[in-house]
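Reading the structure
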Amino acid sequence: MAAERPADAEDPVGYFLQDMTYHGKTDRTRAAYERVLRAFESFLGDPSRNPSGTARSVDDATHRDCMAWIHTLRNRDVAPSTVATYASYLHRFYAYMAQVGAFDSNPMSLVMEEMDERIDTNPARRELSVPQMRGFVREIAHPLDHALVVTLLKTGMRVGELCNLDLRDVSLAADTPLAGVSTRAALDGRGPSMYVAADPSVGSITNGEERTASNKRKRSTVVPVDDELEDVLLRWLAVRPDSPSPAEPLFVGTASGWGQRLDPDAVHHVVTAHAAAAGWYRAGGDREENVTPHYFRHFFTTHLRDRTGDRGIVKYLRGDVAGDIIDTYTHNWGDRVRETYESNIYSLR
């Protein structure tokens, strides 16, 4: 039985998804929730599949309806971790709707207590060698796509951090065509480098532009750019469309959204399209199988850590540490971080 819901909550799923947007969730996160919640909604609306034998809606679903839907996922051989993830989406939906007074209760509470499946927070991933990744990169001809993939692979940055890069965050050769933009003072004397800031967040105005992605670094980081990445970026900059943004984004659209800053969904599409062509991605596949932008961060971490044996430097480059630890690497940046990075970073050409 539903409580008196807010006037604009006639579509409970739509109401919840809209609030996710207000809370700063990304389009990709919202789309993932929508896909799962609409599938559950469809399940409830099919009398032949739900326990009641009659069509139901999400606001009058019982815990038995929820359990039956989970059972159908198991019967479709959905991975246990994925079942747990989908259940968590449904649980969060009902918990939120109950909290705002749209629903009386959360029928998923009991289901979550009874489930054996758990979300795997450290899943095994597809293991790819450097030669395999090198072959993958060589097949990417488009200058923008190539630059996106190589930058992710050689820096380990998150896709949101990649999207938030501006021309001012890049220092390359002295004659690099950076549209007359002055680089950050933090890059002075560092050689070819990138500055990955800690502060941009969804909806914030940074460098004169509202951002569509968040950086999640504990502290801003200067990441070395080796000769290979520098060549790739120079090739991209030679054809980069002018941007109307005062921030001068590094990576902008070359098709739809010409000259506009790329968002994480666009980068995700680029990566997964090439991964699918290589047989490394399929719709519905889980993290153990699919190669996505986040996989490149895993690849960078694994291979650079194995080559250097220095977890501290890898953590510094990933932006995972703050305080005294990162101060140590910042102080020794010139004679340790770059030297260690350039001596150990893998070649992709």
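The structure displayed is predicted, hence computed values, not measured ones.

Each value, and the rule that gives it
- Residues numbered from 1 in each chain as written.
- Predicted model: local features only at pLDDT ≥ 70, side-chain atom pairs only at ≥ 80, totals over all residues.
- Heavy atoms only, no water.
- Core = buried A, V, L, I, M, F, W, Y, C linked by side-chain atoms within 4.5 Å.
- Buried < 20%, exposed > 50% of the residue type's maximum accessible area, 1.4 Å probe, protein only.
- Helix = DSSP H or I, 4+ residues; strand = E, 2+ residues; numbered from the N terminus.
- Contact = heavy atoms within 4.5 Å.
- Axes fitted to C-alpha atoms, helices over the stretch in contact; angles between N-to-C directions.
- Parallel < 35°, antiparallel > 145°, perpendicular 65-115°, else oblique.
- Phe/Tyr/Trp six-rings, centres within 6.5 Å; stacked < 30°, edge-to-face > 60°.

For the rest of this paragraph, the subject is the nonpolar core. Among the nonpolar cores identified, the biggest contains 59 residues, and Met133, Leu250, Phe251, Val267, Phe296 and Leu317 are the most heavily contacted of them. In terms of residue count, helix 7 (residues 143-155) provides more of this core than any other element does, 7 residues in total. Setting aside anything within four residues of it in sequence, one finds methionine 133 in contact with Leu128, Leu153, Trp280, Tyr295, Phe296, Phe299 and Leu348. Membership of the second largest hydrophobic core comes to 33 residues, among which are Val13, Ala32, Tyr94 and Met97.

Before going further, it helps to examine the packing of helix 1 (residues 12-22) against helix 4 (residues 80-99). Relative orientation of the contacting elements helix 1 and helix 4 amounts to 90°, with a least axis distance of 11 Å. When the interaxial angle is binned, helix 1 and helix 4 end up roughly perpendicular. In contact with Pro12, Val13, Tyr15, Phe16 and Asp19 of helix 1, helix 4 contributes Arg92, Phe93, Tyr96 and Met97.

Looking now at the packing of aromatic side chains. If you walk through the whole model with that rule in mind, you get 15 aromatic pairs. Relative to tryptophan 69, the ring of phenylalanine 40 lies with its centre 5.3 Å away and its plane at 65°, an arrangement referred to as edge-to-face. Taken as a pair, phenylalanine 40 in helix 2 (residues 27-44) and tryptophan 69 in helix 3 (residues 63-75) lie far apart in primary sequence, 29 residues in all. Comparing phenylalanine 40 with tryptophan 69 shows no difference in burial state: the two are buried. On the numbers, 6.4 Å between centres and 50° between planes, the contact of phenylalanine 136 with phenylalanine 296 is tilted. Here phenylalanine 136, found in helix 6 (residues 130-138), pairs with phenylalanine 296, found in helix 11 (residues 293-308); they are 160 residues apart in sequence, far enough to count as distant. On the accessibility criterion, phenylalanine 296 (0% relative accessible area) is buried.

Now for the packing of helix 2 against helix 3. Look at helix 2 against helix 3: their axes get within 11 Å of each other, and the N-to-C directions meet at 110°. By the angle between their directions, the pair helix 2 and helix 3 is classed as roughly perpendicular. In contact with Val36, Ala39, Phe40, Phe43 and Leu44 of helix 2, helix 3 contributes Asp65, Cys66, Ala68, Trp69 and Thr72.

Nothing here speaks to function; it is geometry throughout.
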